[in-house]
Number of protein chains: 2
Amino acid sequence: MRMSARADPAELTAAALAGDRRAVARLISLVEDSSAALREVSALLAPHTGRARVIGLTGAPGVGKSTSTSALVRAYRARGQRVGVLAIDPSSPFTGGALLGDRVRMVEHTGDPDVFVRSLATRGNLGGLSWATPQALRVLDAAGFDVVLVETVGVGQAEVDVAALADTTLVLLAPGMGDGIQAAKAGIMEIADILVVNKADRPGADHTYRDLVGALRLAGPARWRPEVMRLDAVSGQGLPELLAAIDRHQSWLESEGALRAGRLRRASEEISQIALAGLRARLGDLDDGHRLAELAARVADGSLDPYSAADTLLSQLRTASPAGPTP
Amino acid sequence: MRMSARADPAELTAAALAGDRRAVARLISLVEDSSAALREVSALLAPHTGRARVIGLTGAPGVGKSTSTSALVRAYRARGQRVGVLAIDPSSPFTGGALLGDRVRMVEHTGDPDVFVRSLATRGNLGGLSWATPQALRVLDAAGFDVVLVETVGVGQAEVDVAALADTTLVLLAPGMGDGIQAAKAGIMEIADILVVNKADRPGADHTYRDLVGALRLAGPARWRPEVMRLDAVSGQGLPELLAAIDRHQSWLESEGALRAGRLRRASEEISQIALAGLRARLGDLDDGHRLAELAARVADGSLDPYSAADTLLSQLRTASPAGPTP
């Protein structure tokens, strides 16, 4: 199906559901731009969502996330599954866009119609991940991708957010990238379902592996005890074992009802974020009435503190017109 | 004055205003913990705020931000000014706190009672900077620090936020850290008041300098045309010239009314952030009524899209009890 230059949202959504890659790409762009059509598209996609398995991949810069993502894509393709990849790049006003740019290692999949790779910048987010990430995930899910890999660099809030979004979260480490036990003690277990020691052919990999296994043994009883896996993403050594570990985690999720629980949390977070964005827009609308400007002047003068100013602003919000918030 | 272990907010604030360093430290901790006393403290501080000059310092990892901050502290101290430093560190669940840890280069100022250095983690933020940053800034301002340096690594949203907070924003670059023109083209001019080529003794520094000057010449007319300065923070070479450039920018800010305009924007943003946090808490309260859980279940099932769910949630918020939002 060929898309016209200005296809309407319904037409675009229908094409994406039918597997049209260009329509998928355009829907994600639409989502990234927070287009007015977003609400309509979201409603059209909803009945087709909930099928894709979402695998999060995070870790410090340099541990080999892109190579590992690419290896996983290869492995899932070998099983005949369609794979979507959302690569979340920290952006910066220095570059104006994705910091890491095009992912060279993804090039091996460019010819494959059943692989869809998209970079999303984190700019203008409300936390770590791009605002658009959950919505882009819904597009790929509805478009029939069986597995969606969400890859993000482990800096700041993004890795916590990716764990909230994913059914299974892989945390990558590499030998010599810091003390494994320290990492494990400091909360890595809270987000990792599977710890992956990548670059397992390098010196020190066994040491990192044993540190992590030891630290996990010391950890208290958890509902799911994270597994530690070794991988050499470049050669593919350890890849079948990693896939098997992901399968074990997903079986466990299903048997325990944890898949459903995680997805409820994800939906709940998504609704809250959208509601907050609506409220934020609403606050902006109030500013047209110069109320915020007036309060800001008093705070800048020191005649009012910002908490009291916020209270005043919120009381305005409650007594303002009953019309819904700006989408 | 010695503080008791559980000083009340009024006592603590009075001590901080009188210059007690321990009271300042404890007030900032109180701010970081979003303690219930925050509102009271904020109101007590308000009449004493608005005096400090706020200088933001940002740049990519490795350009020498800490060394430059330390050099600036030395220079302002030589002028007899009291200097506060807020060092914003990206945090991570891997470390559970500040990623960069204690700032070794700040050690030279530890004995000086008129220098106060504090690291703030970015964890749990609503953007790039720590939620606590503007509040910690108010504490230092009220406590009589003439200059407050806010240093943050140039990754993600933090550098945009620091520019919004600062009167004068320095963007640091170093030779060989990427193409100066590219950086300049891509939006660096939007946030930088002064571009600092640090490590100016290194090969390539002249090239980076000329690139930036050239790029600025190509830029359209701006109210303030960013200056490009050379610095070798380690030796202090270029430091007096940098200080003079900061002075020029601050004189310009005052003569143009831009200082006031910037502070109004800062206050406005601060009020909005506090109001949004209140609304967020309010949304959380609604969840006690299981409304969000019910909506999340329908979104997870695909029978409702998240935008319609958010609308429903917000209509609840408007018809809920008229009591103010949870602080």
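Above this text you will find the structure in question.
Residues numbered from 1 in each chain as written. Chains lettered and ligands numbered in written order. Predicted model: local features only at pLDDT ≥ 70, side-chain atom pairs only at ≥ 80, totals over all residues.

Chemist: Now, about the overall build of chain A: what can you tell me, with residues and values included?
Modeler: A count of helices and strands for chain A gives twelve helices and seven strands. Here chain A, with 327 residues, has 52% of them falling under the buried criterion. When contacts within chain A are restricted to residue pairs at least 6 apart in sequence, those whose partners lie at least 24 apart make up 73%. (Helix = DSSP H or I, 4+ residues; strand = E, 2+ residues; numbered from the N terminus. Buried ≥ 20, exposed ≤ 12 C-beta atoms within 10 Å, placed from the backbone. Contact = placed C-beta atoms within 7 Å.)

Chemist: So what's going on with the pairing of strand β6 (residues 147–153) of chain B? Which residues, and what values?
Modeler: Residues and elements named next belong to chain B. In terms of burial, β6 is a largely internal element, seven of the seven residues being buried. Of the two faces of β6, the one carrying Val147, Leu149, Glu151 and Val153 and the one carrying Val148, Val150 and Thr152 are both buried. Pairing between strand β1 (residues 53–59) and β6: seven bridges, direction parallel. Across the sheet, Arg53 pairs through a bridge with Val147, a residue of β6. (Pairing = 2+ DSSP bridges.)

Chemist: Lay out the packing of helix α1 (residues 9–17) of chain B against helix α3 (residues 38–45) of chain B with the relevant residues and their values.
Modeler: Residue and element names in this part refer to chain B. Contact geometry of α1 with α3 gives a least axis separation of 10 Å together with a crossing angle of 35°. Here α1 runs over α3; the crossing is right-handed. Between α1, through Pro9, Ala10 and Thr13, and α3, the contact on the second element is made entirely by Glu40, Val41, Leu44 and Leu45. Partitioning the contact of α1 with α3 into residue classes produces five nonpolar, one polar and one charged. (Axes fitted to C-alpha atoms, helices over the stretch in contact; angles between N-to-C directions. Left-handed = near helix turned anticlockwise from the far one by under 90°. Nonpolar A, V, L, I, M, F, W, Y, C, P; charged D, E, K, R; others polar.)

Chemist: Any details on the pairing of strand β6 (residues 194–197) of chain A? Residues and values, ideally.
Modeler: Residues and elements named next belong to chain A. Judged by which residues are buried, β6 turns out to be covered on both faces: Ile194 and Val196 on one side and Leu195 and Val197 on the other are all buried. Both strand β5 (residues 168–173) and β6 contribute to a ladder of four bridges, which runs parallel. Its bridge partner being in β6, Leu173 is matched across the sheet by Val197. Bridge count for β6 against strand β7 (residues 227–230) is four bridges, and the pairing is parallel. What sits directly across from Val197, in β7, is Arg230.

Chemist: Just give me the short version of helix α5 (residues 133–142) of chain A, but keep the residues and values in it.
Modeler: Most of α5(A) sits out of view: ten of its ten residues are buried. Directly beyond the C-terminal end of α5(A), a positive phi value near 90° is found at A:Gly144.

Chemist: Just give me the short version of the nonpolar core, but keep the residues and values in it.
Modeler: Core analysis: the biggest nonpolar cluster contains 186 residues, and A:Val139, A:Ile271, B:Val139 and B:Ile271 have the highest contact counts within it. Other than its neighbours up to four places away in sequence, A:Val139 contacts A:Ala16, A:Val24, A:Leu27, A:Ile28, A:Val31 and A:Leu45. (Core = buried A, V, L, I, M, F, W, Y, C linked by C-beta atoms within 7 Å.)

Chemist: Mind laying out helix α2 (residues 21–32) of chain B, listing which residues take part and the relevant values?
Modeler: Residues and elements named next belong to chain B. An ideal rise of 1.5 Å per residue puts 16 Å on twelve residues; α2 measures up with 17 Å between its terminal C-alpha atoms. Taken as a whole, α2 has its buried residues at Ala23, Val24, Leu27, Ile28, Leu30 and Val31. Angularly, the buried residues of α2 cover 155° about the axis, an arc narrow enough to put them on a single face. (Expected span 1.5 Å × (residues − 1). Arc of directions from axis to C-beta.)

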